[in-house]
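Below, each chain spelled out in residue letters.
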2 protein chains.
Amino acid sequence: MCEASAYIIRDGQEELLLADVDIIEPEGDQLRLVSIFGEQKVVRAAIHSLNLINHKVLLVEKT
Amino acid sequence: MCEASAYIIRDGQEELLLADVDIIEPEGDQLRLVSIFGEQKVVRAAIHSLNLINHKVLLVEKT
């Protein structure tokens, strides 16, 4: 499977936001994350970087 | 393997920018894409959305 873990940078620290992420897409001015299990999170953030071989997506909070 | 194909939206159309992408990261105000084969592209774009199960990353040009 090719899901990834999504981390968000808060106060300079990477914090796990959602594991096993399939979809990340804009929802208004926020981002909606959907895991392969159907779990969803909506955050005020942007996608900062990807490292797919390491299954890692990094988000950054929007201020 | 968990690489993805990166498409960029230009004039409303999705255009394949780079296949087998591993890493996407900011480089100044642009994005650097690196494939699993070491091929690199730098574009003035932002990451719009991901669909990892479908191995698809969508970028949008920055104006």
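Here, the structure is the one placed above.
Note that the structure is predicted; figures quoted are calculated from it, not measured. (Residues numbered from 1 in each chain as written. Chains lettered and ligands numbered in written order. Predicted model: local features only at pLDDT ≥ 70, side-chain atom pairs only at ≥ 80, totals over all residues. Heavy atoms only, no water.)

**Thoughts on the nonpolar core**
Then step 1. One finds L33(A), L59(A), L33(B), V57(B) and L59(B) to be the most contacted residues of the largest nonpolar core, which totals 32 residues.
Then step 2. Sequence-distant contacts of V57(B), defined by excluding residues within four places in its chain, comprise L50(A), L52(A), A4(B), S5(B), A6(B), Y7(B), I24(B), I47(B), S49(B) and L50(B). (Core = buried A, V, L, I, M, F, W, Y, C linked by side-chain atoms within 4.5 Å. Buried < 20%, exposed > 50% of the residue type's maximum accessible area, 1.4 Å probe, protein only. Contact = heavy atoms within 4.5 Å.)

**Some details on the interface of chain B and chain A**
By convention, interface size is frequently given as the accessible area that disappears when the constituent parts associate.
Then step 1. Contacts between the two partners involve 20 residues from chain B, matched on the other side by 20 residues from chain A.
Then step 2. Across the interface of chain B and chain A, roughly 1,700 Å² is buried in total on both sides, 69% from carbon and sulfur atoms.
Then step 3. Considering only the surface of chain B that becomes buried against chain A, C2(B), L50(B) and L52(B) emerge as the three largest contributors, covering 38% of it.
Then step 4. In this structure, the connection of chain B to chain A is made through 0 salt bridges.
Then step 5. On the surface where chain B and chain A come into contact, there are 6 residue pairs in polar contact (both at pLDDT 80 or more).
Then step 6. Elements represented by at least two residues in the side of chain B that touches chain A include exactly strand 2 (13-27) and strand 5 (45-51) of chain B.
Then step 7. The dominant element in the side of chain B that touches chain A, judged by the number of residues it contributes, is strand 2 of chain B, at 6 residues.
Then step 8. The residue inventory of the side of chain B that touches chain A, partitioned by class, reads 13 nonpolar, 4 polar and 3 charged.
Then step 9. Here 2 bridges tie strand 2 (residues 13-27) of chain A to strand 5 of chain B, and the two strands are oriented antiparallel to one another. Bridge pairing in strand 5 of chain B links I24(A) to L50(B). (Buried area = accessible area lost by both parts, 1.4 Å probe. Salt bridge = Lys/Arg side-chain N within 4 Å of Asp/Glu carboxyl O. Polar contact = N/O pair within 3.5 Å; in protein donor to acceptor, adjacent residues only side chain to side chain. Helix = DSSP H or I, 4+ residues; strand = E, 2+ residues; numbered from the N terminus. Nonpolar A, V, L, I, M, F, W, Y, C, P; charged D, E, K, R; others polar. Pairing = 2+ DSSP bridges.)

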